[in-house]
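Coordinate inspection notes
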Amino acid sequence: MTITLIFFTVIYCIIIAIFIVGWYAIPIYKRPAKSNHLPALSVIICCRNEAENLPALIASLKAQSFQNFEVIFANDHSTDNSMEILENFRQIQPNVHIVNCVGTGKKNAQREAIAVATNSIVFCCDADCILPKQLLETVAAYHNEHRPDLLIGGVKYEQKNSFHAIQACEFGSLVASAAGSCGTKMPILCNGANLSFPVEIWRKYAQNLHLEATSGDDMFLLQNIKRNNGKIAFLKTEDTFVTTQPTKNLSDFFNQRKRWSAKTTLYDDWQSIFVAITVFGWCLVWLCAVIMAIFSDKFGLLVAICWGIKLLFDSALLVPFFLFSGQKQILPYIIPTALIYPPYIVYTALSSLFSSFVWKGKITKR
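Structure report, in brief. Per chain, residues are indexed from 1 in the order of the written sequence. Only residues with pLDDT of at least 70 are given local features in this predicted model, and only at 80 or more are side-chain atom pairs given and counted; all residues enter the totals for whole chains, interfaces and linings. Hydrogens and water molecules were not included; the side-chain quantities draw on all heavy atoms of the structure.

1. Topic: the packing of helix H6 (residues 162–183) against helix H9 (residues 250–262)
- The axes are straight lines fitted to the C-alpha atoms, using for helices just the contacting stretch, and the angles between their N-to-C directions are given from 0 to 180°. Strands are runs of DSSP state E lasting at least two residues, helices are runs of H or I lasting at least four, and both sets are numbered from the N terminus onward. Remark: H6 packs on H9, axes separated minimally by 12 Å, with the N-to-C direction vectors making an angle of 10°. Put simply, H6 runs roughly parallel to H9. Of the residues in H9, those in contact with Phe 163, Gln 167, Glu 170, Phe 171 and Leu 174 of H6 are Leu 250, Phe 253, Arg 257 and Trp 260.
- When residue character is reported, Ala, Val, Leu, Ile, Met, Phe, Trp, Tyr, Cys and Pro are called nonpolar, Asp, Glu, Lys and Arg charged, and the others, Gly included, polar. For the contact of H6 with H9, the per-class residue count stands at six nonpolar, one polar and two charged. Note that the term roughly parallel is reserved for angles under 35 degrees, roughly antiparallel for angles over 145, roughly perpendicular for angles of 65 to 115, and oblique for everything else. Contacts were defined at the residue level, with two residues in contact if any of their heavy atoms lie within 4.5 Å.

2. Details of the nonpolar core
- Side-chain atoms within 4.5 Å link the members of a nonpolar core, which is a set of buried Ala, Val, Leu, Ile, Met, Phe, Trp, Tyr and Cys residues. Burial status follows relative accessibility: with a 1.4 Å probe on protein chains alone, a residue under 20% of its type maximum counts as buried, one over 50% as exposed, and anything between as partly exposed. If you look at the biggest cluster of nonpolar residues, it comprises 118 residues, and the most contacted ones within it are Ile 45, Leu 61, Phe 73, Leu 131, Leu 150, Ile 152 and Leu 221.
- At 11 residues, helix H11 (residues 298–324) tops the list of elements feeding residues into this core.
- Dropping the residues within four chain positions of it, Phe 73 is found in contact with Ile 45, Leu 54, Leu 57, Leu 61, Leu 86, Phe 89, Val 96, His 97, Ile 98 and Val 99.

3. A look at the side chain of Gln 327
- With respect to the helices and strands, Gln 327 occurs in the loop between H11 and helix H12 (334–354).
- Of the residues examined, Gln 327 reaches a relative accessible area of 2% and is grouped as buried.
- Excluding residues that lie within four positions of it along the chain, Gln 327 makes contacts with Lys 156, Tyr 157, Gln 159, Phe 321 and Phe 322.

4. What about a nonpolar patch on the surface?
- The grouping of Ile 6, Val 10, Ile 14 and Ile 18 at the surface amounts to a nonpolar patch, some 310 Å² of accessible area in total.
- Inspection of the secondary structure assignment puts Val 10 in helix H1 (residues 2–25).
- A residue is classified by how much of its surface remains accessible, and Val 10, at 44% relative accessible area, is partly exposed. Excluding any residue in a salt bridge, patches collect residues exceeding 30% relative accessible area, merging like charges within 9 Å and nonpolar Val, Leu, Ile, Met, Phe, Trp and Tyr side chains within 5 Å. Accessible areas in this description were obtained via Shrake-Rupley with a 1.4 Å probe; residue shielding takes into account the shown protein chains only. Here a salt bridge means any side-chain nitrogen of Lys or Arg lying within 4 Å of a carboxyl oxygen belonging to Asp or Glu.

The following block contains the structure:
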């Protein structure tokens, strides 16, 4: 057990050290002066029963500094008044389109929406997002200047209480890892709440995005582009982090994370798989060592040292990331999140393999 825990701790810390180097390697993108020649965007938003969140999203779309875009809402059989809100928006905005989906599920909704996109660059976000004012202008400028096949943007959680802050801390570690891995040319993560790509890239890989999975088009698209040596970049700017909503309770939280974990069994990128195994392996071995420490004092010091070393490396990545993204209020939650993290990871990973999860009111089986 001693050797195994030390081994996983060393490997884990090497990975985080690589991400730290990658984070600093990414240059901060400076948006050029306003240009009338930026490419038009097709903004794709899938929604199902999002009436509570749509007004804030719509307000942020109206406030964009760059207005050369169309918005395509894919309505996935909503039963609340989402359609009424969307129709009202369409009446005052000529660039708004609504697709009433024939099929069901977010992956299908996204496909039906992209199928009618008229612009060359697609920007995807979720219906519970709020877009910063300069986001679409910066995305258009980056694509115009650097021509990426996939542009990964920053995402952060809205925070109203400690439960939200802990979620934001854990979620922030994923976004920081996504950025750091991009900086070292080994991208392993992205998030569909702030993601853009040429529509021709989507069409190229659309049939290889694992239709059998409930979600994950973002990750499967990343892995296809990476496998074919495409250009993947992280948009490192302070004012382009999309704000999205944390889950409201523990049940929703674990359902969401089980859904995210379930798709990892379909990954075929060795770096993503290696990182996932390392994180799970460290958490599992450390928890076993904690249990053994209860019965044997000799494991107690090892458990504390390995956890402390991991915390040190995690903090070296998270502190600069949270400060850059305007989330310094999360910093006090790094330590409590680090204590909760191992049992949460082990439970989520195992339960995603052997149990179903609820998504938008539907039970999805493994």
